[in-house]
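# Coordinate inspection notes
Residues per chain are reported as follows:
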Amino acid sequence: MVYALERFAPLPLQESYDNAGLQVGLTETEVSGALLCLDVTEKVIDEAIALGCNLVISHHPLVFRPLKRVSDANFVQRCVVKAIKNDIAIVSMHTNLDNALNGVNFKIAEKMELANARLFAEKTVGDIQGGSGVMGELQTPMAAADFIRMLKETFDVKCVKANELLKRDILRVAVCGGAGAFLLSEAVAKGADAFVTGEMHYHEFFDHEQEIQICVIGHYESEQYTKEIFKSIIEERCEGVRCYMTSINTNPINYL
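As a starting point, this report considers the structure included with it.

Criteria and thresholds
- Residues numbered from 1 in each chain as written.
- Predicted model: local features only at pLDDT ≥ 70, side-chain atom pairs only at ≥ 80, totals over all residues.
- Heavy atoms only, no water.
- Pairing = 2+ DSSP bridges.
- Helix = DSSP H or I, 4+ residues; strand = E, 2+ residues; numbered from the N terminus.
- Contact = heavy atoms within 4.5 Å.
- Axes fitted to C-alpha atoms, helices over the stretch in contact; angles between N-to-C directions.
- Core = buried A, V, L, I, M, F, W, Y, C linked by side-chain atoms within 4.5 Å.
- Buried < 20%, exposed > 50% of the residue type's maximum accessible area, 1.4 Å probe, protein only.

Here six strands make up an open sheet; going across it, the order is 5-6-8-9-10-7 and the pairing mixed. Looking along the sheet, the strands with just one partner apiece sit at the ends: strand 5 (115-125) and strand 7 (161-162). Running over the sheet, helix 6 (residues 144-154) touches strand 6 (128-142), strand 7, strand 8 (170-179), strand 9 (194-199) and strand 10 (213-216) and is turned about 120° from strand 6.

Quick look at the structure:
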């Protein structure tokens, strides 16, 4: 199972700061079922137990920074304890899946029905090709207001953070799920009319008026469909393994 995931999104594609791969558990455990999620929480592990799954596959790593102790001090430590007690392994595919061909950003582009989706900000590690973002074209040009309405409907977001509305139509769209502000200047350089990402800082919105339409839809919202990638990998390469997409919305941010 882990091998199938890592063939699709090789670990060398992860960023230097990341901690993708096996988080908790033993590599040779026979999989009784897999629960697929964006984030690992105690409720997600409880759901895995209830479903009889001994593997949780997440996008965001549970263990991102080194643990100096394992107790009940915070949710990460409590999740580790609960997983070990219940013989549940946890595997995370994070920036390696962001950077992979047909990975997270391709899924976002698919949901937006972008044509000719391709990598931009390409990177090659050994003979492995990847990239930090995806660019494609809308089926038909859209006014900025209509484009934002489409994003709200497609990703079920209550609000989109945007800079000044573009006065020309949008056709070419650059995408980077999660925190993608580092790609904004490259999106501009590659001629994108719009840049869609999950989160950006206040000052990063400045100085792009009528240059590019910035659309920030939320970190969780931008990556929520990652579970579908895991499901397709398992169904295609791990025949007979039961897999479930979590029913739990793990987004810690509320819009009030």
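Here the narrative resumes.
Our next topic: the sheet that holds strand 3 (residues 55-58). A sheet is described by the order of its strands in space; here five strands give the open sequence 1-4-3-2-11, paired in mixed fashion. Looking at strand neighbours, the two that pair on one side only are strand 1 (21-24) and strand 11 (243-245), the edges of this open sheet. Strand-to-strand twist of the sheet, defined as the mean angle between neighbouring strand axes without regard to direction, takes the value 25°. Pairing analysis gives three bridges linking strand 2 (residues 34-37) to strand 11, with the strands arranged parallel. Within strand 11, the position partnered with Ala34 by the bridge is Cys243. Contacts from helix 9 (residues 226-237) reach strand 2, strand 3 and strand 11, with the element oriented near 150° to strand 2.

This paragraph deals with the nonpolar core. Counting 48 residues, the largest nonpolar core has Met112, Phe147, Leu151 and Val173 as the members making the most contacts within it. When residues of this core are assigned to their parent elements, the largest contribution, five residues, is made by helix 6. Excluding residues within four positions of it along the chain, Met112 makes contact with Leu138, Phe147, Met150, Leu151, Phe155, Val173, Val175 and Val196. Among the nonpolar cores identified, the runner-up in size contains 17 residues, and Cys37, Val44, Val56 and Ile88 belong to it.

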